[in-house]
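Remarks on the overall topology
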Amino acid sequence: MRVIGRVVATEKIPTTMDSFCFWTEENLILNPFDVVVVDHINNSQTFAVIEEISHITDSASFLSNYISSDFGDVNVTEVTHRIGMNYVKANVVGNDKNIFIPVQNNSLVHLASKDQISMALGLDEINNPLVCGYLEMYENVDGSERVTLPVNIDSAFLIGPEGAHLNISGISGLAAKTSYAMFLMKAIQDKQMRGDLDDNVAFVFFNVKGKDLLGINEPNPENDQNTDALYNMLGITPEPFKEVHYLYPFFNERTSNSYVGSETYNRQKKLGIASKYKFTYEEDKDSLDLLFSNIDDSSQTMESILNYITTDHSFGNLTSWSQFIEEIEKKSQAGSSTGSKEITVNSWRKFTRLIKKSINRNELFSVKISVNEGEIRLSDKIKKLEKNQVYVVDIAKLNSEMQAFVFGNVIREIYDLQLEEVCDNEKHPSKIIVFVDELNKFASTDTPKNSPILRQILDIAERGRSLGVILFGAEQFKSAVHDRVSGNCSTFAYGRTNAIELGKTGYKYIPPVYRSMMTRLKQGEYIIQNPVFKSMLNIKFPKPIYKQFK
C-alpha cells in the first residue's frame, strides 16, 4: 500500500514499544482509529492505530505569529514563511513476527490493506465469529485505497461462556441504541437459523418507548437496495425477525395500556402472534414485592408486611384481588389486629395506599384468564419460551410501578426457567438474551438497595453467564447504571454522548482523543470495546431491517 510518511524519534519524544510518531503529507486526511503499517527489522511489519494528529511549525510562540501578521492584521500576508508539518501519534497493536522493540527512526509508514487491518486488529483470529458491524477506513483518500471491512466479535465473549452481557450507551435519538441492539440480535438469530451457533438462544425484548419494537416481524418499507447490500455484505439476511410473539398488557375499549394500534394488533392476532397478559391473585400474589421496587424501605416495614401476607392463612384462602384489598383495609382500621407487633396500623395504611394505587380499578389484575380471548398469564408464557423465539413484552404505556412489576415478573420467571433442569427438551433455550432499554430505570445508582428488581439484575449480571441469562442493556448515560451491572459486562458500545458524561470516572481509562470522538459520532456509529479486540474499534451498522413506527 501507499507510503504516507516516516517515523520520527527525538531526544524528548522517542519511539517506544507502545507508541510512536510519524510525519505525513500535509494534505493527507487520516482519522483516529485508522490503521497504519511500519517497515521494521527482520523484514517484519508493525501495525498501529492512529490516536492523535497534530500540526506544528517552527514558530516559538503564538506571539511570533501575531507579530508576523503585522501585529494582528488579518489582511496581511505573513512575511515570515513558517516551516510546518503534520505529525501523527499511533499506538502499536502488534507485529507480524512478534517483534516488539520500538520502530526505528525514519522507517517507512504505509496505509494498510484489508488483510493487514484484519491482522492488526486481531479480526483474522476471531473464534465463533458473529458480525457486529463494519469498518470504513481511509474515508478521505483515493477511492481504490478505501477499506470497508466486516467486523466479527467472538460470540463466546458476548453471550458466554467466556464473557457475557452488553452495555450500550449514548444520547437518545443520536446514538440509535435500540437499533444497534436489534442489529446484533438479528445477527445472532440469523446465525442460529443457519445452524452455525453452538447454543440454543431465545430472546426477550422489553418495549419501553411507544411502538418502538411492535413491528420487528415486518420489513422496513423505507429500506432500499443499498441497505440490503450492506446486510448481504455482512452475511445477514435483509429480512425482519422470525418467530416473534408480542405480549401486550391487557387492554380493551375502556382501558388503554398499550400504544399498539387496533389495526396492528388485529393483524398480529390474526397471525396468532399477539397475546394480552393479566395477573391473578392466586398465582401472582408472591410477586407483590415487585410493586415496591422503587420504594425506599430502609426500616423493612413493607418487607415485614409482605412476609406476613405470604405466611398467614387468612391471605392464603383468598381468591381475588378485591378480596385481598378488603383484607388489608381491615388491617388498616384503628384498633384492628395487625398480625404482628412489628407492624403498626400506620404501616398497614401506607401499604394499603400503595397497593390500591396500583391494583384498584386496574384490569391487569383479574380474577381469571380468558384463554379464548387471547389472554395469558405472563409467567406461564415465559415458561414456554423456546429456542429462536422472540418475545416482545410491551410495558411502554404502563406507569413506573407497573413497569417494574412486569419487568421483575418476567426476569424472575426467566431466571427460574434457566435454573430448572430441562435436559430432554431440544427446544429449551440454553441462552436467553434479555434486552432492556432505559436500564437505568431498573438498576440505576439511585435505585434503593432493597429493591427486588435491582437484586435480580445484579444476580443476572454476576451469575447470569453461567446460567445462560444474558443481559443486553441500553441507557443514555453509562455512569447512571449501577457499577456492579456495568462492571460485569464484557462488551461495551459507546454511542454519541456529551462532555459532562465523559468527565465521569468510568471513562478515564479511554484515551482523550477517543473520548473527544465520542462527542462527534454520527448516528449509526459506535465505538466498541471487547476483550478480543486489540484496540477499541469505531464501527458502523446499517439501518434497522424491521418496521419502525414514527
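Above this text is the structure in question.
The structure contained in this document is the topic of the report that follows. As the structure is a computational prediction, the values presented were derived from the model and not from experiment.

Take the overall build of the protein next. Of the regular secondary structure elements, the protein holds 16 helices and 20 strands. By its C-alpha atoms, the protein is 95 × 55 × 45 Å across when sized along the principal axes. The 550 residues of the protein split such that 53% are buried. Residue pairs in contact within the protein that sit at least 24 positions apart in sequence constitute 75% of those at least 6 positions apart. Approximately 25,500 Å² of the protein is accessible, and the part contributed by carbon and sulfur atoms is 47%. Distance between charge centroids for the protein: 6 Å, based on 59 positive and 70 negative side chains.

Estimates place the volume of the largest pocket at around 570 Å³. Taken together, 25 residues form the lining of the largest pocket, with Ala176, Ser179, Gln523, Lys543 and Pro544 sitting closest to its centre. Taken together, the elements giving at least two residues each to the lining of the largest pocket come down to α3 (177-193) and α4 (225-233). The residue inventory of the lining of the largest pocket, partitioned by class, reads seven nonpolar, nine polar and nine charged.

Helix α13 (residues 452-467) packs onto helix α12 (residues 400-419) with a crossing angle of 30 degrees between their chain directions and a minimal axis gap of 11 Å. In terms of orientation, α12 and α13 fall into the roughly parallel class. Seen along the crossing, α12 lies across α13 with a hand that is left-handed. Contact with α12, carried on its side by Ala404, Phe407, Gly408, Ile411, Arg412, Tyr415, Gln418 and Leu419, involves Pro452, Ile453, Gln456, Ile457, Asp459, Ile460, Arg463 and Leu467 of α13 and no other residues of that element. Split into classes, the residues belonging to the contact of α12 with α13 amount to 10 nonpolar, three polar and three charged.

Looking now at the side chain of Ser366. Of note, Ser366 is situated in strand β13 (residues 365-366). Classification of Ser366 by relative accessible area gives buried; the value is 13%. Separated by 3.0 Å, the side chain of Ser366 and the backbone oxygen of Lys368 make a polar contact. Beyond its immediate sequence surroundings of up to four residues, Ser366 is in contact with Lys278, Phe279, Thr280, Tyr281 and Trp321.

Pairing is antiparallel in the closed barrel, where six strands are placed in the order β1-β2-β5-β4-β3-β6. Pairwise comparison of adjacent strand axes, ignoring direction, gives a mean angle of 45 degrees for this sheet. Here strand β3 (residues 35-39) runs beside strand β6 (residues 108-111); their pairing, made up of three bridges, is antiparallel. Bridging from a neighbouring strand, Val36 pairs with Leu111 of β6. Packed on one face of the sheet, helix α2 (residues 114-121) meets β3, β4 (45-57), β5 (84-95) and β6 and runs near 95 degrees to β4.

Bringing empty space enclosed by the protein into the picture now. With the rule as written, the count across this model stands at four cavities of 30 Å³ or more. What the largest cavity holds in volume is close to 60 Å³. Taken together, Leu291, Phe292, Ile295, Leu354, Lys357, Ser358 and Glu401 make up the lining of the largest cavity. When residues in the lining of the largest cavity are grouped by element, the largest group, three residues, is from helix α10 (residues 345-359). Class assignment for the residues of the lining of the largest cavity results in four nonpolar, one polar and two charged.

A few words now on the packing of aromatic side chains. The geometry of an aromatic ring pair comes down to the distance between the two centres and the angle between the two planes. With the rule as written, the count across this model stands at 34 aromatic pairs. Between the aromatic rings of Phe315 and Trp348, the centroid separation amounts to 6.3 Å while the plane-to-plane angle is 5 degrees, which identifies the pairing as stacked. With Phe315 in helix α8 (residues 313-316) and Trp348 in helix α10, this pair connects stretches of sequence that are 33 residues apart. Trp348 shares its class with Phe315; the two are buried. Above the ring of Phe250, the side-chain terminus of Lys278 is found at 4.2 Å from the ring centroid. Its guanidinium or amino end placed over the ring of Tyr281, Lys285 lies 5.6 Å from that ring's centre, counting from NZ or CZ.

This next bit is on helix α7 (residues 301-311). Taken together, the buried positions of α7 are occupied by Thr301, Met302, Ile305, Leu306, Tyr308 and Ile309. When α7 is viewed along its axis, its buried side chains cluster within an angular range of 160 degrees and face the same direction. Away from its buried face, by an angle of more than 90 degrees, α7 presents the exposed residues Thr310 and Thr311.

Structurally, the position occupied by Tyr546 is in the segment after β20 (537-540). C-alpha of Tyr546 to C-alpha of Phe183: the two residues are 363 residues apart in sequence and 9.8 Å apart in space. Beyond its immediate sequence surroundings of up to four residues, Tyr546 is in contact with Thr178, Ser179, Met182, Asp212, Leu213, Gly215, Ile216, Glu218, Pro219, Asn220, Pro240 and Phe241.

Bringing the state of the cysteines into the picture now. On inspection of all chains with the given rule, the structure shows zero disulfides. Just so you know, Cys489 is unpaired, no disulfide at all, and the nearest cysteine sulfur is the one on Cys132, 16 Å from it. What makes Cys489 buried here is its relative accessible area of 8%.

Right, let's get into the nonpolar core. Membership of the largest hydrophobic core comes to 102 residues, with the highest contact counts inside it found for Tyr180 and Phe205. Among the elements that take part in this core, α3 stands out by supplying eight residues, more than any other. Among all residues touching Phe205, those that are not within four sequence positions of it are Met182, Met185, Leu213, Ile216, Phe241, Val390, Tyr391, Val392, Val393 and Phe435. Listed in part, the 65 residues of the second largest apolar core include Val204, Phe250, Leu290 and Val410.

Reading guide: rules and limits
- Residues numbered from 1 in each chain as written.
- Predicted model: local features only at pLDDT ≥ 70, side-chain atom pairs only at ≥ 80, totals over all residues.
- Heavy atoms only, no water.
- Helix = DSSP H or I, 4+ residues; strand = E, 2+ residues; numbered from the N terminus.
- Buried < 20%, exposed > 50% of the residue type's maximum accessible area, 1.4 Å probe, protein only.
- Contact = heavy atoms within 4.5 Å.
- Areas by Shrake-Rupley, 256 points an atom, 1.4 Å probe, with all protein chains shown as cover.
- Lys, Arg positive; Asp, Glu negative; His and termini not counted.
- Charge placed at Lys NZ, Arg CZ, Asp CG, Glu CD.
- 1 Å grid on protein atoms, 1.4 Å probe; cavity = no way out; pocket = protein on both sides within 12 Å on 5 of 7 lines; lining within 4 Å.
- Points joined across faces, edges and corners; volume = space filled by probe spheres on them.
- Nonpolar A, V, L, I, M, F, W, Y, C, P; charged D, E, K, R; others polar.
- Axes fitted to C-alpha atoms, helices over the stretch in contact; angles between N-to-C directions.
- Parallel < 35°, antiparallel > 145°, perpendicular 65-115°, else oblique.
- Left-handed = near helix turned anticlockwise from the far one by under 90°.
- Polar contact = N/O pair within 3.5 Å; in protein donor to acceptor, adjacent residues only side chain to side chain.
- Pairing = 2+ DSSP bridges.
- Phe/Tyr/Trp six-rings, centres within 6.5 Å; stacked < 30°, edge-to-face > 60°.
- Lys NZ or Arg CZ within 6 Å of the ring centre and 35° of its normal.
- Arc of directions from axis to C-beta.
- Disulfide = S-S within 2.5 Å.
- Core = buried A, V, L, I, M, F, W, Y, C linked by side-chain atoms within 4.5 Å.

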